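Descriptive structure summary
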Amino acid sequence: MLVTSEALPLAKTGGLGDAVSGLSRALREANVDATVFMPAYESALDAACGLEKVADLPGLVGGDAEVWAGWVADTEIPVLLLRNDALYVRPGNPYLDADGREFADNGIRFAALAQAAKRISVGETPVRVPHVVHAHDWHAGLTPLYLHAAGVKRPKTVLTIHNLAFQGNFPLRLADQLDIPPAYRGSDGVEFWGHLNFMKAGLRYADRITTVSATYAREILTPAFGHGLDGVLGQRAHELHAIPNGIDPEVWDPSCDPYLSAHFSVLDMRGKVRNRLDMQRAFGLPADPEAPLLAMGSRLTSQKMVDLAIEVFPMLLAAHPCLQIAVLGCGERGLEEALRELARRHPRNLGLHIGYDERRGHLLHAGADMLLHGSRFEPFGLTPLYSMLYGTVPIASRVGGLADSITGLQPGPDTEIGAATGILFDGDRPADMLAAVERALATFAQRQRWSVLQRNGMTRHFGWEAPAAQYVELYRMLAPVAPVGAPMVARRPETAGALAGTDIRKRA
């Protein structure tokens, strides 16, 4: 059972939703019964199919709740939704209200998810008990603690760190309300500088910990990238596994992408020109098949070096009057406003869309020549992988998963392209980013060399098969007698029978 706050298309604010849905699909294709368990946001209720109530969960923190079972359309991925409309049906996204402020009761909302996962896992509902509970990020971080506190030996637990910077810190006074036993409240438990820390709870009590790239796994053991938890991770280093994310080829493939008006492939790139024109139109830029087109699509935060980009863009436009820039994303309000001001000052060169929609997200990769993806830290970095597969060359920071997945072009105007797929840069000064983009523009002017970069990226394989196999091996190590293929939640019309009370003790 995968416990998460996001899964595409039920809810998505970033890479977590893509990662969970891609993993769950790949696990099922590997004949592993993977069921997603997440809150019943309004978007999830709208997107899931065949929903029916299968369990009542009275007495959870935040109020009585229900478990609804269904599946994700077109994938048959089973899903369990924790329904408490007072907690989860609200304007905004899973974490923020309509004004971009964190919900004041996020600690309660995600503690309820963890409590519900624990009650399912110990057989208190008609839902079949899983052999492994796989918690994702801080939102599910209390799940291993609740199972540990209950003295449960089975199921085993795994915590995946998708981004250690987000930890779920809440007032320590909530411990009573959240049913965290006193023995777990100290510095050896969930306490972190006078607060409850959900991520720390998962790191302390999960049977195994994973994160999403080899470089990031090494980085988070250091003070520079550990965000205060490097000491805790150091104590568990022998149980920390690096398993990279993948890309779902049914969602990201320029040869059949339903969001594109023209398809293309490494063997026939003509459709990319049409997508370029569509992208220019979508971002309010003049139609120009020759102008270099630089894209930036990410959360608009300082982590993503958007503050640097705001300084760099005017310098680039002054030096390259034909350059076009398209920005897609949302995040810190000050950075959003600074980008709006740049767009007002450069209406013919800088197109901006604050927010996110899936069509523009796909079009961004299909139409651009290059993608700027600076990052002060990056656990994995899905966006540059999408761009490579769509023939858009990434310009990225040499950190975390970016260092693992992008083969950087060596400096110099005449260096061989070799296996390079993008341009990597070190440092977090505007000059570092500016120099990297200038290198990309110089290479773009050498069209034959640029075509080799594009082809290298488009022929890389980033599927989920290999990562899923590593997760399967980890699950088998934790639960060696788990049967393969027996459904935790049956598909479509059989759901009710599979959730009958007589199945409570059957593990899947």
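In what follows, the accompanying structure is described. Since the model is a prediction, treat every value here as computed from it, not as a measurement.

Reading the values: the criteria
Residues numbered from 1 in each chain as written. Predicted model: local features only at pLDDT ≥ 70, side-chain atom pairs only at ≥ 80, totals over all residues. Heavy atoms only, no water. 1 Å grid on protein atoms, 1.4 Å probe; cavity = no way out; pocket = protein on both sides within 12 Å on 5 of 7 lines; lining within 4 Å. Points joined across faces, edges and corners; volume = space filled by probe spheres on them. Helix = DSSP H or I, 4+ residues; strand = E, 2+ residues; numbered from the N terminus. Nonpolar A, V, L, I, M, F, W, Y, C, P; charged D, E, K, R; others polar. Core = buried A, V, L, I, M, F, W, Y, C linked by side-chain atoms within 4.5 Å. Buried < 20%, exposed > 50% of the residue type's maximum accessible area, 1.4 Å probe, protein only. Contact = heavy atoms within 4.5 Å. Pairing = 2+ DSSP bridges. Phe/Tyr/Trp six-rings, centres within 6.5 Å; stacked < 30°, edge-to-face > 60°. Axes fitted to C-alpha atoms, helices over the stretch in contact; angles between N-to-C directions. Parallel < 35°, antiparallel > 145°, perpendicular 65-115°, else oblique. Left-handed = near helix turned anticlockwise from the far one by under 90°. Expected span 1.5 Å × (residues − 1).

**Brief notes about the layout of surface pockets**
- Size it by volume and the second largest pocket reaches roughly 440 Å³.
- Surrounding the second largest pocket, 25 residues form its lining, Leu8, Pro9, Arg25, Asp248 and Val251 being those nearest its centre.
- Those elements giving two or more residues to the lining of the second largest pocket turn out to be helix 1 (15–29), helix 13 (358–367) and helix 14 (382–389).
- In terms of residue count, the dominant contributor to the lining of the second largest pocket is helix 1 (five residues).
- Grouping the amino acids of the lining of the second largest pocket by side-chain chemistry returns 14 nonpolar, five polar and six charged.

**Regarding the nonpolar core**
- Formed by 93 residues in total, the largest nonpolar core has its most connected members in Phe37, Leu82, Leu142, Leu178, Ile180 and Leu203.
- Among the elements that line this core, the one with the most residues is helix 4 (residues 106–121), at nine residues.
- In contact with leucine 203, not counting residues within four places along its chain, are Leu159, Ile161, Leu164, Ile209, Leu229, Val232, Leu233 and Arg236.
- With 38 residues, the next largest nonpolar core counts Val312, Leu335, Ala436 and Leu441 among its residues.

**Brief notes about empty space enclosed by the protein**
- Taken as a whole and judged by the stated rule, the model has one cavity of 30 Å³ or more.
- Estimated volume of the largest cavity: approximately 40 Å³.
- If you go around the largest cavity, the residues you meet are Met296, Gly297, Ser298, Lys304, Leu372, His373, Gly374 and Met433.
- Those elements that place two or more of their residues in the lining of the largest cavity are strand 13 (293–297) and strand 16 (370–373).
- For the lining of the largest cavity, the per-class residue count stands at three nonpolar, four polar and one charged.

**Considerations on the pairing of strand 4 (residues 65–72)**
- Counting buried positions along strand 4 yields six of eight residues, so the element is predominantly enclosed.
- Here strand 3 (residues 48–57) pairs with strand 4 via seven bridges, running antiparallel. In the sheet register, lysine 53 faces strand 4, and the bridge partner there is tryptophan 68.
- In this structure, the hairpin formed by strand 4 and strand 5 (residues 77–83) is closed by a connection of four residues, where aspartate 74 is found at a positive phi of approximately 70°.

**A look at the packing of aromatic side chains**
- Summed over the entire model, instances satisfying the criterion amount to 12 aromatic pairs.
- The interplanar angle of 90° and the centroid separation of 6.2 Å between the aromatic rings of tyrosine 41 and tyrosine 88 together place this pair among those described as edge-to-face. Here tyrosine 41 is found in the loop between strand 2 (36–39) and helix 2 (42–47), whereas its partner tyrosine 88 is found in helix 3 (residues 85–88), with 47 residues between them in sequence. No difference in accessibility class separates tyrosine 41 from tyrosine 88, as the two residues are buried.
- With centroids separated by 5.3 Å and ring planes inclined at 80°, the aromatic side chains of phenylalanine 110 and tryptophan 138 adopt a geometry described as edge-to-face. With phenylalanine 110 in helix 4 and tryptophan 138 in the loop between strand 6 (132–136) and helix 5 (142–149), this pair connects stretches of sequence that are 28 residues apart.
- Owing to a relative accessible area of 9%, tryptophan 138 belongs among the buried residues under this scheme.
- In this structure an aromatic cluster arises from ring pairing among Tyr95, Phe110, Trp138, Phe170 and Phe198.

**Comments concerning the packing of helix 16 (residues 430–444) against helix 17 (residues 447–458)**
- Direction vectors running N to C along helix 16 and helix 17 enclose 110°, while the axes themselves pass 7 Å from each other. Classed by the angle they form, the pair helix 16 and helix 17 counts as roughly perpendicular. On helix 17, the residues that touch Ala440, Thr443 and Phe444 of helix 16 are Arg447, Arg449, Trp450 and Leu453.
- When its residues are assigned to classes, the contact of helix 16 with helix 17 shows four nonpolar, one polar and two charged.

**Some points on the sheet that holds strand 10 (residues 195–197)**
- What the three strands build is an open sheet, ordered 8-10-9; its pairing is antiparallel. The two strands at the open ends of the sheet, each matched to only one other strand, are strand 8 (169–171) and strand 9 (191–192).
- The strands touched by helix 6 (residues 198–205) are strand 8, strand 9 and strand 10; relative to strand 10, the strand with the most contacts, the crossing angle is about 55°.

**Observations regarding the packing of helix 4 against helix 5**
- At a minimum axis separation of 8 Å, helix 4 and helix 5 run at an interaxial angle of 45°. Between helix 4 and helix 5, the interaxial angle falls into the category oblique. Considering the relative orientation of helix 4 and helix 5, their crossing is right-handed. Contacts between helix 4 and helix 5 involve Ala111, Ala114, Gln115, Ala117, Lys118 and Ser121 on the former and, on the latter, Leu142, Thr143, Tyr146 and Leu147.
- In terms of residue class, the contact of helix 4 with helix 5 is built from six nonpolar, three polar and one charged.

**Regarding the environment of tyrosine 216**
- Positionally, tyrosine 216 belongs in helix 7 (residues 214–219).
- Separated by 242 residues in the primary sequence, tyrosine 216 and methionine 458 place their C-alpha atoms 24 Å from one another.
- Setting aside residues no more than four positions away along its own chain, tyrosine 216 makes contact with Ile161, Asn163, Leu164, Ala165, Thr211, Glu378, Pro379 and Gly400.

**Side note on the sheet that holds strand 13**
- The six strands lie next to each other as 15-14-13-16-17-18, forming an open sheet whose pairing is parallel. Every other strand in the sheet has two partners, leaving strand 15 (350–354) and strand 18 (423–425) as the edge strands with one partner each. When strand polarity is set aside, the average angle formed by the axes of neighbouring strands in this sheet is 15°.
- Across the sheet, helix 11 (residues 306–319) is in contact with strand 13, strand 14 (324–329), strand 15 and strand 16; its angle to strand 13 comes to roughly 165°.
- Here helix 12 (residues 333–345) sits on the sheet in contact with strand 14 and strand 15, set at roughly 145° to strand 15.

**Thoughts on helix 18 (residues 465–478)**
- The end-to-end C-alpha separation of helix 18 is 20 Å, in line with the 20 Å expected for 14 residues at 1.5 Å each.
- In the core, the buried residues of helix 18 are packed alongside helix 1, strand 6, strand 7 (156–161), strand 11 (208–211) and strand 12 (240–242).

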